[in-house]
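Topology and contacts: notes
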Amino acid sequence: MYKPAPPRPRKTNIIRSRNGCKSCRNRRTKCDEQKPTCGTCARLDKCCEYVQPVLKFQIITAQNTKRLLSSYGTPSTERKPRLAGNERLSIQAEQDEPRIGGYDIVKSLQTTERDVFYSTYWEDCCLPALHPMFHSATLLTAGYPILNDAILALSSCNISRLYSERKTSSTGLTGPLSPSLTHQTRSHLYYSSAIRKLTTMKVADYFHDATVVFIVLVLFAHLESAMGNFQGFYCHVQGMMNLLVGWRGGAGDVTIKPLLTSWMQTRYVVWWARAYFSSLDIHQQLPSIPLPISLKEVPRTFHERRVKVLSIMCESHRLNFKAVLQHFRKVASEEEVEHENNQGYAECVSLLCQEATKLDEWLLHLPPSEQPIYELNGTRGTEIHFQSHDAALNYAYYIVARIMQCTSLLRELYNQTTPGHEDECYKAELWVQTLVQIAQCAEMRTSLTRNSYTIGFSGLLLAGILRCQSLSVGLEIQTWLQTLQDLQPTEEGAFPVYQTLSVVKAINQQRMVGRDVFAVTQPVDDGGGHPKVTAYNSQFINSLLFHGRCQIRNCLFEECITLGI
């Protein structure tokens, strides 16, 4: 075997020290470091002064960073002070992976580094898109690892969907891009860790820390909604309902109402996603989602106003489209058709009037800071602006609810002639034009990030084009979606942009040949598709059933149209 290497001889007996006095160091002589005065200073009668070493730390951020994730959303003033100024984590938003400082995130091996990365991203980009109560919930992560895992799971899920990767092989049905696999994998790891902690809790623990458990379940619902996992989402909905039933102290908890508000918003997002696209039979069976009793009161906060107008919009949409599609259903005899038509029309109009009354009350309590600002533009006419992006989106929900409460199309289908019918048709067209103006004046980059957990403009414009038979307005909607796809060809408001654009193009093509389209459904329902793991759409749709009317022959049609994806 090898013998140990002999020690290397020393070249000098001088022992160097960095702790000598200031005078000796300036003279570059050996200091014997005697206190309070060294020998050299005593001999030369000089003042002996020792200097303590000063440690300076420097934070080096990535160079050539073109976009900071923090620029997408305004950082909250309520969050924990973590990083500021030059210490803020910068993320390179190029085709390469985002970077932490000068290190590639893929090479970030330390768990603590990953946690800091996703925590910072959570505070900068996720919190502005969520209910404000999650700011205070973030402060509880140190004491509740399950809450920390849930937050990091949603944070990494969000960044995986914003930073896409180009596929090696793709079809038009799924688009050329897929969510970032690195961040998505880490989201699954955090999510699995939180699920394991949840399943190992005892029944008594659920109600002892009921508020934290409720927050975790709401975060789970947001994550499953973003992933398009309907089965997982409804599993957590059932869990939340069971928790609320057994939670005796929930009525007095101040956090229960904000949590219910956030939860209900996600439920309406999932409902809307299921409505587009489902089969005709499933569309007829879509349930109404009523608000909890505590949220039926006069809304006092912005998010309470949002969830209330979402409830009115979704219910008005459900009633309107159910009545329209019911007219296309095949029945046994003409007598049954006439009887069902008259009954269905009268019931639908009555229920829509009730929703219109709720909407009037909602508008009555809308504060001036959230109302539209009309400005006259010489080239573009009147423009609609708002003090914030969220206020613009809330008002867009109001506009879509008004569109769905217009009964002009229902009167035509059910042969109901009433005075002012033409005026109501014109009113519906004006509402859709207003919706387009709001979308055109909104900042697209803000829409891509702030609409992550709510219904975005893409889904609203798709509903609007089905209730407006103007080809020029339809082309404006198509242009807006095309611009959005050129900017970010993935999703907006959990809606796949390229899939929505393909449907809008097909609708406009039908209008060019004199055919109005009132609704689109799937020939065979797919249950909402599969979770969006490798794509931005959960449903692989290449054709849809178009329900409409041929203007030339003045007759209804139902035809399967192949989408030009």
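This structure is a prediction, so every number in the text was calculated from the model and none was measured. (Residues numbered from 1 in each chain as written. Predicted model: local features only at pLDDT ≥ 70, side-chain atom pairs only at ≥ 80, totals over all residues. Heavy atoms only, no water.)

**Thoughts on the UniProt feature "domain: Zn(2)-C6 fungal-type" (unreviewed entry) in the chain**
Here is the rule we go by: UniProt positions are given in the numbering used here, feature names are shortened, and annotations may be inferred rather than shown by experiment. Comment: elements are numbered from the N terminus, with helices defined as DSSP H or I runs of at least four residues and strands as E runs of at least two.
In the numbering adopted here, UniProt assigns the feature "domain: Zn(2)-C6 fungal-type" (unreviewed entry) to residues 20-50. The span residues 20-50 is 39% helix and 0% strand, and its two end C-alpha atoms sit 7 Å from each other.

**Some points on the nonpolar core**
Our working definition: By nonpolar core we mean a set of buried residues, namely Ala, Val, Leu, Ile, Met, Phe, Trp, Tyr and Cys, connected to one another through side-chain atoms within 4.5 Å. Residue burial is assigned from relative accessible area. The probe radius is 1.4 Å, only protein chains are included, and a residue is buried under 20% of its type maximum, exposed over 50%, and partly exposed in between. Residue contacts are counted whenever heavy atoms from the two residues lie within 4.5 Å of one another.
Phe-134, Phe-214, Trp-272, Tyr-276, Met-313, Leu-460 and Phe-546 are the most contacted members of the largest nonpolar core, which has 142 residues in total. With 14 residues, helix H8 (residues 210-227) is the single largest residue contributor to this core. With residues near it in sequence (within four places) discarded, Phe-546 still touches Ala-506, Ile-507, Gln-510, Val-517, Ala-519, Val-520, Phe-557, Glu-558, Glu-559, Ile-561 and Leu-563. Cys-21, Cys-24, Cys-31 and Cys-48 belong to the second largest nonpolar core, which has six residues in total.

**Remarks on the side chain of Asn-451**
Tracing the chain through its elements places Asn-451 in the loop between helix H17 (444-450) and helix H18 (457-465). Owing to a relative accessible area of 0%, Asn-451 belongs among the buried residues under this scheme. Sequence-distant contacts of Asn-451, defined by excluding residues within four places in its chain, comprise His-389, Leu-393, Thr-446, Gly-456, Phe-457, Glu-492, Gly-493 and Ala-494.

**Notes on the pattern of salt bridges**
Condition: Throughout this description, the term salt bridge denotes a Lys or Arg side-chain nitrogen within 4 Å of a carboxyl oxygen of Asp or Glu.
All told, the structure shown has 15 salt bridges when counted by the stated rule. Among the ionic pairs, Lys-257 bridges to Glu-304, the shortest N-O distance being 3.7 Å. With Lys-257 in helix H10 (residues 256-275) and Glu-304 in helix H12 (residues 302-326), this residue pair connects regions lying 47 residues apart in the sequence. What makes Lys-257 partly exposed here is its relative accessible area of 22%. On the basis of relative accessible area, Glu-304 is assigned to the buried category, the value being 12%. Taking the shortest distance from any N to any O, the salt bridge between Arg-318 and Glu-315 comes out at 2.8 Å. Pair noted here: Arg-318 and Glu-315 are both in helix H12, with a separation of three residues, about one helical turn. When its relative accessible area of 13% is taken as the criterion, Arg-318 is described as buried. Among the residues examined, Glu-315 registers a relative accessible area of 13% and is labelled buried.

**Structural notes on the packing of aromatic side chains**
Between two aromatic rings, the relevant description is the distance of the centres plus the angle of the planes. Heads up, the rule is: Aromatic pairing here means that ring centres of Phe, Tyr or Trp (its six-membered ring) are within 6.5 Å. Orientation follows from the plane angle: under 30 degrees is stacked, over 60 is edge-to-face, and everything else is tilted. Either the NZ atom of lysine or the CZ atom of arginine qualifies as a charge over a ring when it sits within 6 Å of the ring centre and within 35 degrees of the ring normal.
According to the stated counting rule, one finds 13 aromatic pairs in the structure shown. A ring pair is formed by Phe-214 and Trp-263, whose centres lie 6.4 Å apart and whose planes are at 75°; its orientation type is edge-to-face. Taken together, the positions of Phe-214 in helix H8 and Trp-263 in helix H10 put the pair 49 residues apart, joining distant regions of the chain. The two residues Phe-214 and Trp-263 agree in class, both being buried. For the ring pair Trp-272 and Tyr-276, a centre distance of 5.7 Å and an interplane angle of 40° mean the geometry is tilted. The pair Trp-272 / Tyr-276 is uniform in exposure class, with both members buried. Sitting above the plane of the Phe-321 ring, Arg-467 keeps its charged end 4.0 Å from the centroid.

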